[in-house]
Amino acid sequence: MGDQEVKLFSLWASPFGKRVEIALKIKGIKYEYFEEDLSNKSSELLKYNPVHKKLPVLLHNGKPVCESLVILEYIDETWKSERSLLPEDPYARAMARFWAKFIDDKCIAAMWGARKNSEGQEEGIEELTEHLKTLENELKGKKFFGGDEIGLVDITADLIALWLGVLLELKGIELLTKEKFPRLCEWIDDYLDHQIIKETLPDRETYRDFLLKAKF
Amino acid sequence: MATEVKLFRSWSSRYALRIVWALKLKGVEFEAIFEDLSNKSSLLLQYNPVHKKVPVLVHNGKPVCESLVILEYVDETWNGAHPLLPKDPFAKAEARFWAKFSDDKLMPLIRKATLGNGEEKEEARVLTAENLKHVEELLKGKKFFGGEKIGYVDLAFGWMAYLINVLEEVSGATLIKKEEFPLLSKWMENFYEFPEFKESWPDHDRLITKFKNYG
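Small disclaimer: the values here were computed from a predicted structure and weren't measured.

Residue and element names in this part refer to chain B. Mapped onto the secondary structure, R14 falls in helix α1 (residues 14-26). Of the buried charged residues, R14 lacks a salt bridge, with D103 as the closest side chain of opposite charge at 7.5 Å. In this structure R14 touches M107, W159, Y162, L163 and F211, once residues within four positions along its chain are discounted.

Following this line, the structure appears as structure tokens:
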């Protein structure tokens, strides 16, 4: 599919929005970016995502696609000639989707748990530890979740690579260490060192300051 | 294609039913293995170590977990008969969006609106009605969400066809009135009455008991 109108409504600090930008960049798709203000949602956002009123929203030739994982698959299927985000084989695709879902459904919930203060936090950390162990296992024998190259799962795991680290640092929780999770930490280094990831994800310090100010 | 297809399920799992329906629509023969979820088999734990849940589809010895992931796997693997997802990427994206909506938004709301308590229950009722309007909207001019034929979104929403009645009975709350949601009500009827699914419905009384015990 050739050059068409692609717009992205997103937030610079959102891992969900960043996933879409990573995918667009991997595919070499030109897009127009619109930064949203959540305290003052644009009429476009309300029009294009009336159900959830959330970001990111991808607009392709005027048609909206919502939910980051749905958008990632849409991008992969629409711009087929460029590098693939998902493997060809149905079983391998099912595995990729399974792990992406795992990150979104389980890891995020655990991260929120770890954010809490006092009692709730311990449970959250326990849960998070379990999930990170699962991911550590999954990475055995592979450079990225997608194999030699970054794929759907790696893109989805952007929040593990950056957001989790910053959150744990600010909460003073020592969990994501090379001793406890050698493969995962190696993956984070390789991931954050990837050219496209480097130019897309927010600067760690900037994000850290943003979180501090937000008094999360 | 002589292959081995097994489905780990329970007598009532709404998620496992999606796969039962999909396999029936595609004419795929499979062996159903019923799990007692209070006493999970070692096989289930071996095939789904991460979540330890049903459904698990095991195809030629390889397990696939998570019902929506399994549906796409089934659709891509048995791609001759009865396609579940549309071909067009945008239509596909919409289908995936609505399946997610069923599980992430609608199901938890309906659960709170029927099995919840006090203020939370009342709030959920209001939100349920609002969100059901989107679903009603989807059915305009269509028999099924998939159009003329049952598709991925129908299978995703399929739990409503038998569970809404049960939840309404247990809670005494009416969530879906024919006057308010004529298309959705008709869809529920059509889906429930779909000939190939006749044998699939979990026992109504047993479901009532199960949900009454939810406390």
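Moving on from the model shown.
For the rest of this paragraph, the subject is the pattern of salt bridges. All names here are of chain A. For the structure on display, the rule yields 30 salt bridges over all chains. Measuring nitrogen to oxygen at the nearest pair gives 3.6 Å for the salt bridge that ties K178 to D189. One end of the pair, K178, is in the loop between α7 (158-171) and α8 (182-193); the other, D189, is in helix α8, with eleven residues separating them in the sequence. For D189, a relative accessible area of 40% gives the class partly exposed. The closest approach of N and O atoms between R183 and E186, which form a salt bridge, is 2.9 Å. Of this pair, R183 and E186 both sit in helix α8, three residues apart, which is roughly one turn of that helix. By relative accessible area, which is 14% here, R183 ends up buried. You can call E186 partly exposed: its relative accessible area is 43%.

The next thing to look at is the sheet that holds strand β2 (residues 31-34) of chain B. All names here are of chain B. Taken together, the four strands give an open sheet; going across it, the order is β2-β1-β3-β4, and neighbouring strands pair in mixed fashion. With partners counted over all chains shown, the strands left at the sheet margins are β2 and β4 (62-65), one partner each. Here the average twist between neighbouring strands, direction ignored, is 20°. One ladder, built from four bridges, connects strand β1 (residues 5-9) with strand β3 (residues 56-59); its direction is antiparallel. When the bridges of β3 are listed, K6 appears paired with V58.

Residues L155, F157, M160, L184 and W187 of chain B are the most contacted members of the largest nonpolar core, which totals 76 residues. Per-domain counts for this core show at least three residues from each of domain 1 (5-77) and domain 2 (89-213) of chain B. Excluding anything up to four places from it in sequence, F157 of chain B contacts W98, F101, S102, L106, V135, L138, F145 and W187 of chain B. Counting 73 residues, the second largest nonpolar core, distinct from the first, contains L58 and I103 of chain A together with I33 and C65 of chain B.

All right, on to unusual backbone geometry then. Cis geometry marks the peptide bond from L55 of chain A to P56 of chain A, where omega comes out at 0°. Looking at the secondary structure, you find P56 of chain A in the loop between α2 (43-48) and β3 (57-60). The omega angle of the peptide bond from V54 of chain B to P55 of chain B is 0°, so this bond is cis rather than trans. Take P55 of chain B: it is sitting in the loop between α2 (42-47) and β3. For K53 of chain A, which is not glycine, the phi torsion reads 55° and is therefore positive. Along the polypeptide, K53 of chain A turns up in the loop between α2 and β3. Of the residues examined, K53 of chain A reaches a relative accessible area of 39% and is grouped as partly exposed. In the Ramachandran plot, N61 of chain A falls in the positive-phi region, its phi being about 50° despite a non-glycine side chain. With respect to the secondary-structure elements, N61 of chain A resides in the loop between β3 and β4 (63-66).

Quick notes on the rules
Residues numbered from 1 in each chain as written. Chains lettered and ligands numbered in written order. Predicted model: local features only at pLDDT ≥ 70, side-chain atom pairs only at ≥ 80, totals over all residues. Heavy atoms only, no water. Helix = DSSP H or I, 4+ residues; strand = E, 2+ residues; numbered from the N terminus. Buried < 20%, exposed > 50% of the residue type's maximum accessible area, 1.4 Å probe, protein only. Lys, Arg positive; Asp, Glu negative; His and termini not counted. Salt bridge = Lys/Arg side-chain N within 4 Å of Asp/Glu carboxyl O. Contact = heavy atoms within 4.5 Å. Pairing = 2+ DSSP bridges. Axes fitted to C-alpha atoms, helices over the stretch in contact; angles between N-to-C directions. Core = buried A, V, L, I, M, F, W, Y, C linked by side-chain atoms within 4.5 Å. Domains from an automatic or database assignment.

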